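Structural features, examined
Okay, here's what each chain looks like letter by letter:
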Number of protein chains: 2
Amino acid sequence: MSQWKQIQQLEIRLLEHVDYLYDDNFPMDIRQGLAGWIESQDWDSAVNDESMASVLLTNLLSQLEKVRTQEQNFLQRHNMKIIQQQLQRKYTTNPTAMSRVISTCLKEERRILASACTQEQGALEKSLQN
Amino acid sequence: MSQWKQIQQLEIRLLEHVDYLYDDNFPMDIRQGLAGWIESQDWDSAVNDESMASVLLTNLLSQLEKVRTQEQNFLQRHNMKIIQQQLQRKYTTNPTAMSRVISTCLKEERRILASACTQEQGALEKSLQN
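The text that follows walks through the structure, step by step, so that each part is easy to find. (Residues numbered from 1 in each chain as written. Chains lettered and ligands numbered in written order. Predicted model: local features only at pLDDT ≥ 70, side-chain atom pairs only at ≥ 80, totals over all residues. Heavy atoms only, no water.)

Next up on the list: empty space enclosed by the protein. Under the defined criterion, the tally for this structure stands at 1 cavity of 30 Å³ or more. What the largest cavity holds in volume is close to 330 Å³. For the lining of the largest cavity, the elements supplying multiple residues, two or more each, are helix H3 (28–33) and helix H7 (74–91) of chain A together with helix H3 (28–33) and helix H7 (74–91) of chain B. Its residues assigned to classes, the lining of the largest cavity comprises 9 nonpolar, 6 polar and 6 charged. (1 Å grid on protein atoms, 1.4 Å probe; cavity = no way out; pocket = protein on both sides within 12 Å on 5 of 7 lines; lining within 4 Å. Points joined across faces, edges and corners; volume = space filled by probe spheres on them. Helix = DSSP H or I, 4+ residues; strand = E, 2+ residues; numbered from the N terminus. Nonpolar A, V, L, I, M, F, W, Y, C, P; charged D, E, K, R; others polar.)

Expressed as a screw operation, the relation of chain B to chain A combines 0.0 Å of axial shift with a rotation of 180°, fitting to an RMSD of 0.0 Å. Overall, the copies show the geometry of a two-fold rotation axis. Most of the interface of chain B is mirrored in chain A, where 100% of its interface residues again form contacts. (Least-squares fit on C-alpha atoms with pLDDT ≥ 70 in both. Contact = heavy atoms within 4.5 Å.)

Taken as a whole, helix H2 (residues 12–21) of chain B has its buried residues at Leu14, Leu15, Val18 and Asp19 of chain B. Within H2 of chain B, the buried residues cover an arc of 160° as seen down the axis, which keeps them to one side. Buried residues belonging to H2 of chain B abut H7 of chain A together with helix H1 (3–8), H3 and helix H8 (95–129) of chain B. (Buried < 20%, exposed > 50% of the residue type's maximum accessible area, 1.4 Å probe, protein only. Arc of directions from axis to C-beta.)

One finds Leu10, Ile30 and Ile38 of chain A to be the most contacted residues of the largest nonpolar core, which totals 37 residues. Ranked by the residues each element gives to this core, the list is headed by helix H8 (residues 95–129) of chain A, at 8 residues. The contacts of Ile30 of chain A, once residues within four sequence positions are left out, are Ala35, Ile38, Leu60, Leu64, Ile83 and Leu87 of chain A. Core analysis: the second largest hydrophobic core is formed by 36 residues, Leu75 of chain A together with Leu15, Trp43 and Ala97 of chain B among them. (Core = buried A, V, L, I, M, F, W, Y, C linked by side-chain atoms within 4.5 Å.)

Here we come to the pattern of salt bridges. Opposite charge on two side chains makes pairing possible when the charged atoms of those side chains draw close. Per the stated rule, a full pass over the model turns up 12 salt bridges over all chains. The residue Asp19 of chain B makes a salt bridge to Lys81 of chain A at a minimum N-O spacing of 2.5 Å. In this pair, Asp19 of chain B is assigned in helix H2 and Lys81 of chain A in helix H7, connecting two distinct chains. For the pair Asp19 of chain B and Lys81 of chain A, one class covers both residues: buried. In the salt-bridge network here, residues are joined through shared partners; they are Arg31, Glu39 and Glu109 of chain A. (Salt bridge = Lys/Arg side-chain N within 4 Å of Asp/Glu carboxyl O.)

By themselves these figures say nothing about function.
Listed below in structure tokens is the structure:
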């Protein structure tokens, strides 16, 4: 199961933490639309490697272009175009910033998932002791 | 049929004109989510009436809040929250600007619909003459 699918199964209280991770710097539409692709890229290394970060930005934009041209829904297609323009404007001259944002989001998601797991384990042990 | 439903039935060439009307100043998600409500408000008068524009902004935000709390989908709920924050930040101190943007968008949509109608009529007359 992708990390993003696991995230969506969290209880609302924890989902609110995820909510705060996403804004214009990394729109949640992209996180959801390209979940598998995003999780399979090495954002951590790209944070300190500008040429790698630049390739990742180009690839992300072409993944988005592919999704946009296949999208039948007018509103979704429009939103994809807006996001492509936003990312291009924001990161073309500073691609490592995008890698940093995505790397941080993915790490934070893993931290939230781990804390959910620890809480569940704690509750399970408590119920076994009683 | 709401104006927004008519818009969505336009051919792609004309939809592209509509596409350019919407950005962060008036996100298309709101245009679609509150289509009927938006079309029933008097934005034209509010452009020159700050207190009326302020009431319309408050009402728009509470309409959005209602839609957001009823929304089951995590991504849609998140996007609604981001849009609420954007609008609040952008228009609280200048509500007539929002009325002007919405008024202009609705007028432009009507112009695009009218031009589509004229083109259809022209094509129909031509086919009747042949």
